[in-house]
2 protein chains.
Amino acid sequence: MPKVGIEDLRRRQLIAATITSIHEEGFANATISRISKNAGMSGGIVAHYFDDKAGLLAATMRSLAQDLLRETVKRLKAAETPEERIDAVILANFSVEQNDPETVSAWLAFWAEARSAPALWRIQKINERRLLSNLCHAFRQLLPEDEARMAAAGLAAMIEGLWLRCALSHGPLTIDQARLIARDYVARFLNTSA
Amino acid sequence: MPKVGIEDLRRRQLIAATITSIHEEGFANATISRISKNAGMSGGIVAHYFDDKAGLLAATMRSLAQDLLRETVKRLKAAETPEERIDAVILANFSVEQNDPETVSAWLAFWAEARSAPALWRIQKINERRLLSNLCHAFRQLLPEDEARMAAAGLAAMIEGLWLRCALSHGPLTIDQARLIARDYVARFLNTSA
DNA sequence: TTATTTTGATTGAACGTTCAATCAAAAAAA
DNA sequence: TTTTTTTGATTGAACGTTCAATCAAAATAA
């Protein structure tokens, strides 16, 4: 039989090559031949592991989402109070892996593409709902219902906005500053004195 | 001799058709033949008015940026206090035109594409800097320097994040709610009593 | 062990499609 | 007329998909 465990390895290699290709040449120029060459393989291999290009792209977006989920769950498990859980979500979104330029390029490309690709749209929606749900649950233990919902929606939007700015604009805004701004926003809801 | 005024008209028609095509079939499927057919013209017309496809795309993104700028300037001119100027920026970004589904699809597509297309990247950067500069200037008249910078960066990120969320999630977050959340954030900086 | 069989992994090329760009000619306006 | 506008056909390149053929490794049998 073929080498054991090769399937998972190849799939991960092709997904990584897809992210790299999207970052370096743009979504439109991330062709099967370029992606597979980038992974050191032949063009036909994509059909073997992902059926077609759409399958590879969907798998890549799912992989990005899972990385963020893993990071979030890891930190949530270590959190004990609602305040710590909110901070865990902030820290997960501003972790080193999530702010890698290639990751950001890929996320952006998939966001745009999802608007006219139902398969990708579903993945995006699941992610979005999870972030909001995590924040909502924690805020509800600290604030009245309507204030909690506002804080959760505001923080979710702010995290995404800060995250984008960090990655898109080289220089002006660092990850450390972004974390600070997000935490400050939370503090303005939780501290009556400030 | 030349049909009077036809050039500007055709350019605007082709740009509008480009935005519609991107929204309806995605950036990758917005081909010259589909765009021109969408505008009720022949394929060759694009070369005549924009040289090539890249020229049409750059002109389309510039047109989107100018629409936002016009909207912002209009509201800034009517504002008299720093508070009103901050609100003007918020209102401009959440105006009806800027949240039209076609406009959002196009912005998102260009945003993603700009990462690997220098010509588009420059347009994006100018826009970004203008938003931050407008906010920074207003906040500096109301807050100490370091707090003003934090408020400006935070609000800029939040506006982008909320705008993105309105665009990506059909339903949960409305433009009205987004406006409310952004204004609440500003109030938390300006009102010592809250 | 050693030889054989089985299975999946991988390639590279062929196929049909689609694209952007080009251009000669027609249509329209001045 | 002269100039601009507009068309629609053409071209060559690049794309995604498909597939027969080859290869390497594992499983099986002796």
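To be clear, the structure that these remarks concern was listed above.
Residues numbered from 1 in each chain as written. Chains lettered and ligands numbered in written order. Predicted model: local features only at pLDDT ≥ 70, side-chain atom pairs only at ≥ 80, totals over all residues. Heavy atoms only, no water.

Enquirer: Run through the overall build of chain A, naming residues and quoting values.
Expert: Tallying secondary structure elements over chain A gives nine helices and zero strands in all. Tracing chain A from N to C terminus, the helices and strands come up as α-α-α-α-α-α-α-α-α. Along the first, second and third principal axes, the C-alpha atoms of chain A reach 65 × 40 × 30 Å. Relative to its full complement of 194 residues, chain A shows a buried share of 51%. In chain A, 64% of the contacts between residues at least 6 apart in sequence involve partners at least 24 apart. In the structure as shown, chain A presents an accessible area of about 9500 Å², 53% of it carried by carbon and sulfur atoms. For chain A, the distance from the average position of its 24 positive side-chain charges to the average position of its 23 negative side-chain charges is 4 Å. (Helix = DSSP H or I, 4+ residues; strand = E, 2+ residues; numbered from the N terminus. Buried < 20%, exposed > 50% of the residue type's maximum accessible area, 1.4 Å probe, protein only. Contact = heavy atoms within 4.5 Å. Areas by Shrake-Rupley, 256 points an atom, 1.4 Å probe, with all protein chains shown as cover. Lys, Arg positive; Asp, Glu negative; His and termini not counted. Charge placed at Lys NZ, Arg CZ, Asp CG, Glu CD.)

Enquirer: Any chance you could break down the protein's contact with DNA strand C for me, citing the residues and the numbers?
Expert: Contacts to DNA strand C come from 20 residues, most closely from Arg10, Ser42 and Tyr49 of chain A together with Arg34 and Lys53 of chain B. Among the atoms of DNA strand C close to the protein, meaning within 4 Å, 80% are from sugar or phosphate groups. In the environment of DNA strand C, a phosphate oxygen lies 3.0 Å from a nitrogen or oxygen atom belonging to the backbone of isoleucine 32 of chain B. Separating a phosphate oxygen of DNA strand C from a side-chain N or O atom of lysine 53 of chain B is a distance of 2.7 Å. Looking at the surface near DNA strand C, the elements that each hand over two or more residues are α1 (6–25) and α3 (45–50) of chain A together with α2 (32–38) of chain B. (Near = heavy atom within 4 Å. Polar contact = N/O pair within 3.5 Å; in protein donor to acceptor, adjacent residues only side chain to side chain.)

Enquirer: Before we move on, could you go through α1 of chain A and cite the residues and values that matter?
Expert: Residue and element names in this part refer to chain A. With 20 residues, α1 ought to run about 28 Å at 1.5 Å a step, and its terminal C-alpha atoms sit 28 Å apart, in line with that. For α1, the complete set of buried residues consists of Ile6, Leu14, Ile15, Ala17, Thr18, Ile19, Thr20, Ser21 and Ile22. Where α1 is buried, its residues touch α2 (32–38), α3, α4 (53–78) and α6 (101–114). At the exit of α1 stands glycine 26, carrying a positive phi of roughly 85 degrees. (Expected span 1.5 Å × (residues − 1).)

Enquirer: Before we move on, can you summarise the interface of chain A and chain B with the specific residues and values?
Expert: How big an interface is tends to be expressed through the accessible area that disappears when the partners come together. Taken together, the contact pairs 39 residues of chain A with 37 residues of chain B. For the pair chain A and chain B, the summed buried surface comes to about 3600 Å²; carbon and sulfur atoms form 63% of the total. Counting across the chain A and chain B interface gives four salt bridges. Its salt-bridge partner being arginine 165 of chain A, residue glutamate 160 of chain B comes within 3.0 Å of it at the nearest N-O pair. Here chain A and chain B share eight residue pairs in polar contact (both at pLDDT 80 or more) between them. Of all the secondary structure elements, the ones that give two or more residues to the side of chain A that touches chain B are α1, α6, α7 (118–140), α8 (145–168) and α9 (175–190) of chain A. Here the element with the most residues in the side of chain A that touches chain B is α8 of chain A; it accounts for 14 residues. When its residues are assigned to classes, the side of chain A that touches chain B shows 22 nonpolar, eight polar and nine charged. (Buried area = accessible area lost by both parts, 1.4 Å probe. Salt bridge = Lys/Arg side-chain N within 4 Å of Asp/Glu carboxyl O. Nonpolar A, V, L, I, M, F, W, Y, C, P; charged D, E, K, R; others polar.)

Enquirer: Which residues make up the environment of isoleucine 90 of chain A, and what are the values?
Expert: By the secondary structure assignment, isoleucine 90 of chain A is in helix α5 (residues 82–93). Other than its neighbours up to four places away in sequence, isoleucine 90 of chain A contacts Leu155, Ile159, Arg179, Ala182, Arg183 and Val186 of chain A.

Enquirer: Now, about the pattern of salt bridges: what can you tell me, with residues and values included?
Expert: A pair can form between side chains of opposite charge whenever their charged atoms are brought close. Considering all chains together, one arrives at 22 salt bridges over all chains under this definition. In this structure, glutamate 25 of chain A engages arginine 34 of chain A in a salt bridge whose closest nitrogen and oxygen atoms are separated by 3.6 Å. A salt bridge links glutamate 71 of chain B to lysine 74 of chain B; the shortest N-O distance between them is 3.6 Å. Here glutamate 71 of chain B pairs with lysine 74 of chain B, and both are found in helix α4 (residues 53–78), just three residues apart, close to one helical turn. Residue class for lysine 74 of chain B comes out exposed when judged on its relative accessible area of 53%.

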